[in-house]
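# Examination of the molecular architecture
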Amino acid sequence: MKRFVLLATLLASSAFAQDVPPTPLDVPAQAPATGVGAPTSGGPLEVDVTGGISAPMPIAIPYMPAAAIAQTPAGSTDALGRQLAEIVTNDLRNSGLFTPLPPAQLRTVMFPEVQAPAFDYWSGSGAQALVQGYIRANGDGTLTVGCYLYDVSAQNELMRQGFVVPPSDWRRAAHKCADMVYARLTGEGPYFDSRVVYVSETGPKGNRIKRLSIMDQDGANHRFLTNGQSIVLTPRFSPNQQSIVYMSYVGRVPAIYVYEIGSGRQRMVVQNVATTFAPRFSPDGRWILFSMATGGNTDLYRVSAQGGAPQKLTNSPGIDTGGSYSPDGSRIVFESDRSGGQQLYVMNADGSNQQRISFGGGRYATPVWSPRGDLIAFTRISGGFRIGVMSPSGGGEKILTNSWQDEGPSWSPNGRVLMFYRAAQGRSGKADLWSVDLTGVNERRVPTPLDGSDPSWGPLRP
């Protein structure tokens, strides 16, 4: 897998800096929300991740100039500079916490100005924060993308990052720039440089073609992984993002498979069993948690990610399924109808100490533990399907959506946003991917070429 190279050279001499911006310093991907840069009159520049939804921060992201116009396999550097700014703009706008000024309406930033902003102009623009950057084609075929964040009122630099990337990864540089800005101004973890695997759907409701698909979190770089000859359901990323575990109907028998993203190879996880479904990797990637139906009962099992004999974790009458590990791998949340209807339970990773945690009206399904460990997301079924969250002990339940059928939540890498799928009412069978943050206010549709369901949001990319 190709990796980004974080620039780590020191500032250039002052004479050199008059001609080109210094190579960005090696700075952390996430800095504290306070204590970096001089404070403004109202304190350090930051976004309240709860209150910021109602009053998003105005931010300026002008087109990023090229050190010199050059042709690359990804396009000319001047065109890439415009597209970089547009991607950063879209990422920050989609978070709901920022109101980017339209890049096309902003002044043209020349290359030497990247490190010397025209603060008099930006102060009159209404922007509180400013993102400037540049792109440079290198002699070895790679691209250098630099990204700088400024406090307009205090007129100082808050943070900078730069990356050397192959031309094929230029979009990732934009997402990483947006991640830097988001993390610095909110104090939250980044999440834009991530991918989603999901089920792409097409065809009539009674005969849907379902294919594994993968894309960036904003819908770009989309590709199909399977051909649709067999139905696929519930794909889930491995922690290292090199494989996907999912359920497929091959020969009309549901079974669990692992798909290796690099090679395209697929293998069955558990051999010679009747029905296995609802798989998910453990946080360390060593185990696959799944459900297996035998003798009229369905229980949770785990098996080595490399295959082998399954280990049974539950043994109650009814259906135990939908297991999801806590981030540290010590506990599992799952759904069970042992009490007469679908409810949520937690237990230790070895199956001990099983306890019910959902007691609201209706039924509860598809639980998934937040990567921060503080919340469990779920689908609540009560006069409709809604996405909600609660604490691991069952307290603080909050319903985030209010459509006809929303289900199957999946967490962003920073534990602040949930992606899910929304089915249309009626006979069409149409479903789309949507996201909502923990306020329940910032809800938006995620673009996909066809219909989509069963999203799994992967970890932040390395």
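Residues numbered from 1 in each chain as written. Predicted model: local features only at pLDDT ≥ 70, side-chain atom pairs only at ≥ 80, totals over all residues. Heavy atoms only, no water.

Before going further, it helps to spend a moment on the packing of helix α2 (residues 77-94) against helix α4 (residues 170-186). Between α2 and α4, the least distance of the axes is 9 Å, while the angle of their chain directions is 45°. The pairing of α2 with α4 is recorded here as oblique in orientation. Remark: the crossing between α2 and α4 carries right-handed chirality. Each of L80, Q83, L84, I87, V88, D91 and L92 in α2 lies in contact with α4, whose residues at this interface are W170, R171, A174, H175, C177, A178, V181 and Y182. The residue makeup of the contact of α2 with α4, split by class, is 11 nonpolar, 2 polar and 2 charged. (Axes fitted to C-alpha atoms, helices over the stretch in contact; angles between N-to-C directions. Helix = DSSP H or I, 4+ residues; strand = E, 2+ residues; numbered from the N terminus. Parallel < 35°, antiparallel > 145°, perpendicular 65-115°, else oblique. Left-handed = near helix turned anticlockwise from the far one by under 90°. Contact = heavy atoms within 4.5 Å. Nonpolar A, V, L, I, M, F, W, Y, C, P; charged D, E, K, R; others polar.)

It is worth spelling out the state of the cysteines at this point. The full count for this structure, using the stated rule, is 1 disulfide. The partner cysteine of C147 in its disulfide is C177, sulfur to sulfur 1.9 Å. The disulfide joining C147 to C177 has a torsion of about 50° about its S-S bond and is therefore right-handed. Of this pair, C147 sits in strand β7 (residues 143-151) while C177 sits in helix α4, and the two are 30 residues apart along the sequence. On the basis of relative accessible area, C147 is assigned to the buried category, the value being 3%. (Disulfide = S-S within 2.5 Å. Buried < 20%, exposed > 50% of the residue type's maximum accessible area, 1.4 Å probe, protein only.)

All right, on to the packing of aromatic side chains then. A full pass over the atoms with the stated rule returns 12 aromatic pairs. A ring pair is formed by F111 and Y134, whose centres lie 5.4 Å apart and whose planes are at 80°; its orientation type is edge-to-face. Taken together, the residues F111 in the loop between β5 (98-100) and α3 (119-123) and Y134 in strand β6 (residues 129-137) connect sequence positions 23 residues apart. Judged by relative accessible area, which is 7%, F111 ranks as buried. Each ring, one from Y182 and one from Y191, has its centre 5.4 Å from the other, and the planes form 85°; the classification is edge-to-face. (Phe/Tyr/Trp six-rings, centres within 6.5 Å; stacked < 30°, edge-to-face > 60°.)

With respect to the helices, strands and loops of the structure, A278 is situated in strand β16 (residues 275-281). Overall, A278 belongs to the buried group, its relative accessible area being 19%. Along the backbone, A278 and A174 are 104 residues apart, and their C-alpha atoms lie at a distance of 34 Å. If we skip the residues at most four places from it in the chain, A278 touches T234, L289, F290, S291, T321 and G322.

What follows deals with the side chain of S248. Topologically, S248 is positioned in strand β13 (residues 243-250). When its relative accessible area of 3% is taken as the criterion, S248 is described as buried. A polar atom in the side chain of S248 sits 3.1 Å from the backbone oxygen of I231. Contact partners of S248, with chain neighbours within four places excluded, come to S230, I231, V232, V253, P254, A255 and Y257. (Polar contact = N/O pair within 3.5 Å; in protein donor to acceptor, adjacent residues only side chain to side chain.)

The next subject is the sheet that holds strand β28 (residues 406-411). The sheet built from 4 strands is open, its strands ordered β28-β29-β30-β31 with antiparallel pairing. A strand with exactly one partner marks an edge of an open sheet, and here the two such strands are β28 and β31 (443-446). Each strand of the sheet is rotated relative to its neighbour by a mean of 30°, with strand direction disregarded. One ladder, built from 7 bridges, connects strand β29 (residues 417-423) with strand β30 (residues 431-437); its direction is antiparallel. When the bridges of β30 are listed, L418 appears paired with V436. (Pairing = 2+ DSSP bridges.)

What follows deals with the nonpolar core. Ranked by size, the top nonpolar core spans 49 residues in total, and within it I59, L92, F98 and L185 carry the most contacts. With 9 residues, α4 is the single largest residue contributor to this core. Discounting residues that sit within four places of it in the chain, L92 has contacts with I59, I61, L97, F98, A178, V181, Y182 and F192. Counting 14 residues, the second largest nonpolar core, distinct from the first, contains L106, F119, A127 and L130. (Core = buried A, V, L, I, M, F, W, Y, C linked by side-chain atoms within 4.5 Å.)

As a further point, take the sheet that holds strand β15 (residues 266-268). Strand order in the open sheet formed by 4 strands is β12-β13-β14-β15, and the pairing between neighbours is antiparallel. At either end of the open sheet lies a strand with only one pairing partner, and these are β12 (232-237) and β15. Neighbouring strand axes in the sheet, compared pairwise and without regard to direction, differ in orientation by 30° on average. As judged from the 3 bridges shared by strand β14 (residues 253-260) and β15, these two strands associate in the antiparallel manner. Bridged to Y259 within β15 is Q266.

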